[in-house]
Amino acid sequence: MLTPHEALAQILARIPAAGPGDVEEVPLADVAGRVLAREAISDVDLPPFEKSMMDGFAVRSTDCVDAGTTLECVGESRAGVPFGGAVPPGTCIEIFTGAQLPPECDAVEMVERTTRAGSRVTFERAVPGSQHVSHVGEILATGRAVLGPGHRLTPADLSVLASVGYDPVPVYRRLTVSVLTTGDELVPAAATPGTGQIREGNTLYLAGACGRLGCDVRRAGIVPDEASALEAAFGEALEQGDALITTGGVSVGKYDLVGAAFERVGVEPILHKVAIKPGKPIWFGMRGDRPVFGLPGNPVSSLLGFEVFVRPALARLAGAGAEEQTERLGRARWTGPERRSSGRQHNLPARLGTGADGVLELEAIPFRGSSDIVSAARADALCVIPADGSIRTGDLVDYRPLG
Ligand code: AMP
Ligand code: MG
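Keep in mind that what you see is a predicted model, and the values were worked out from it rather than measured.

A. Expanded view of the overall build of the chain. For the chain, the count of helices and strands is 7 helices and 28 strands. Computed over its C-alpha atoms, the radius of gyration of the chain comes to 30 Å, more than 25% above the 22 Å expected for a compact globule of 403 residues. Counting only C-alpha atoms, the chain reaches 95 × 50 × 40 Å along its principal axes. Across the 403 residues that make up the chain, the buried fraction comes to 46%. Taking all contacts inside the chain whose residues are at least 6 apart in sequence as the whole, residues at least 24 apart take part in 70%. Carbon and sulfur atoms make up 52% of the accessible area of the chain, which amounts to about 18300 Å² in all.

B. Structural view of unusual backbone geometry. Cis geometry marks the peptide bond from L46 to P47; its omega dihedral reads -10 degrees. When you line up the elements, P47 lands in the loop between β2 (40–41) and β3 (51–52). Between D167 and the following residue, P168, the backbone shows a cis peptide bond with an omega angle of 5 degrees. By secondary structure assignment, the location of P168 is in the loop between α2 (155–163) and β12 (169–172). Although it is not a glycine, S130 adopts a positive phi angle of roughly 75 degrees. Here S130 is to be found in the loop between β9 (120–123) and β10 (133–134). The backbone of D388 sits at a positive phi, close to 55 degrees, despite the residue not being glycine. Mapped onto the elements of the fold, D388 is located in the loop between β26 (381–385) and β27 (390–391).

C. Layout of empty space enclosed by the protein. Taken as a whole and judged by the stated rule, the model has 1 cavity of 30 Å³ or more. In this structure, the largest cavity spans a volume of roughly 80 Å³. Together, G33, R34, V35, R152, Y172, R173, R174, L175, L213, G214, C215 and A318 line the largest cavity. Looking at the lining of the largest cavity residue by residue, the class counts come to 6 nonpolar, 2 polar and 4 charged.

Basis of the calculations
- Within each chain, residues carry numbers counting from 1 in the order of the written sequence.
- Numbering of ligands from 1 and lettering of chains from A proceed in the order in which they are written.
- Only residues with pLDDT of 70 or above have their local features reported here, since the model is predicted, and side-chain atom pairs are shown and tallied only from 80 upward, although totals for entire chains, interfaces and linings are computed over all residues.
- Side-chain numbers come from the whole structure's heavy atoms, not from hydrogens or water.
- For helices the rule is a DSSP run of H or I covering at least 4 residues; for strands it is a run of E covering at least 2, with both sets numbered from the N terminus onward.
- Here the radius of gyration uses the C-alpha set of atoms, whereas the globule reference equals 2.2 Å times the residue count to the power 0.38.
- Relative accessibility under 20% of the residue-type maximum defines a buried residue, over 50% an exposed one, and the middle range a partly exposed one, all with a 1.4 Å probe and only protein chains included.
- The contact criterion used throughout is that any non-hydrogen atoms of two residues lie within 4.5 Å.
- Surface exposure here means Shrake-Rupley accessible area, sampled with a 1.4 Å probe, where a residue is shielded only by the protein chains that are shown.
- For each structure, a 1 Å grid was placed over the protein atoms alone; sets of points admitting a 1.4 Å probe that cannot get out are labelled cavities, open sets with protein on both sides within 12 Å along at least five of seven lines are labelled pockets, and lining residues have an atom within 4 Å of a point.
- Grid points are joined across faces, edges and corners, and a volume is the space filled by probe spheres set on the points.
- Under the scheme applied here, ten amino acids are nonpolar (Ala, Val, Leu, Ile, Met, Phe, Trp, Tyr, Cys and Pro), four are charged (Asp, Glu, Lys and Arg), and all others, including Gly, are polar.

Here's what the structure looks like:
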C-alpha cells in the first residue's frame, strides 16, 4: 500500500497545472484569494521621492552639527504639495509626514525636538543626515518583481499591486468543483431521518473547504447506491466541473459501486488505497485533464482525504505555487498519553495550545473514530502518528492544521 506521501506524489504527477490558457484579467478590487498568473513588476520607485517620515523641519544636516542651532524657516512642504522655492544654507522648511524633501535638505527633525519663535526654529540636538527620511526606492525599485506567479493574493498584496499600478490583475480562472455524496441511507439536513437513515454532512464540509480555496462549487447532492444513478450523476458532474469529489461507496462492500461507475464513465483509475487512518480506501483517477476523487463516506475520513490529497491537487490545478502543492504540516509537542499506530499512519484530532515554556503543544481530545465529526470539528489539528510508530508525552510530533 502507498504511504500518504507517495500517494500524493502520484496524484500531483497526474494533475495538469494551470497554464497560459487559464489566465483572465480581473479588477484589482476583486482579486483577494485569487492566484496571480504572471510576475508583477514595479513601474515606480517606492517611495518615488525623498520622503519625510515625521512632522517637523527639513534641514541640511551640515547646518545642525551642534545641539542648540537656530535656523530661519523659509517655507513649507506638505504631502502632495512640495515646497517650490530654494532653501539657502542656514535655513530650513517646515515639513509634514509623507511630504517631499527639497533637494537641498537631507534630514528631518521632529517638531517635538524643536522650539519655534516666529520664523526662527531652534533644534534641541544635532540632526544626523538621513534622519527620519525614507529614500527613493528604498522599499522597492522600478523594474523589480514584487510578487511571483502562483502566489495566492492576500489583502496586503492588493495594496502592493495598487502601489505598483496593477489594475486589472492577471489571475488564473476560478475552478469549478463538483461535489456529491453517495449512499441510500443519506438525507439532507432539513429532512427528518427515517429508520436507518442519517443526515449527510460531507458535501457541506467539502463545499466549504473548496470555497475557501477559491473554487466555485457545483453541488450534485445525494446519489443512491445504484450503478445507473451513479454513472448518470458522475457523467454530468464531469461535464460541468474541472474536478469531481465524491464521498462514500469506495470500500469493498457489496454496495460500494463508486469505483466501477467511475471507470464506466471513462475515468482512468490511478490509485485506490492509501496507508492512512482514517480513510484507507481513497479512489483517485483522471478523465482527460479532470481529476476525480472518491473519498470514503465516514466524515473524518473524507475530511482527512481532502486535507491530505484533494487540497494540494486543487491548488496545482488552480495554478498555485509549490508551497500549496504539498501537505500542510506543523510540529508541536504531544501532551497526551502514549499512542501507537498500526501499519498505517494514524491521524488523531487534537487541540493546539502553548506550554508553560512557550512551546506549541498538542492536547488529546476524546475521539470515537472515523465517524466522529464532532471531535474533528472541535479540533485545531490532526496529530500524525507515523505508520508502525508511537508518540509519547513530550515528543515533538507532526500535525496537520485544521480550519
Ligand atoms: P461508505 O464509505 O459509503 O461505506 O460510508 C461509510 C460511513 O459513512 C457510513 O456509516 C455512512 O452512512 C457514512 N456516510 C457516508 N456518506 C456520508 C455523508 N455524506 N455524510 C455523513 N455520513 C456519511
Ligand atoms: Mg455508502
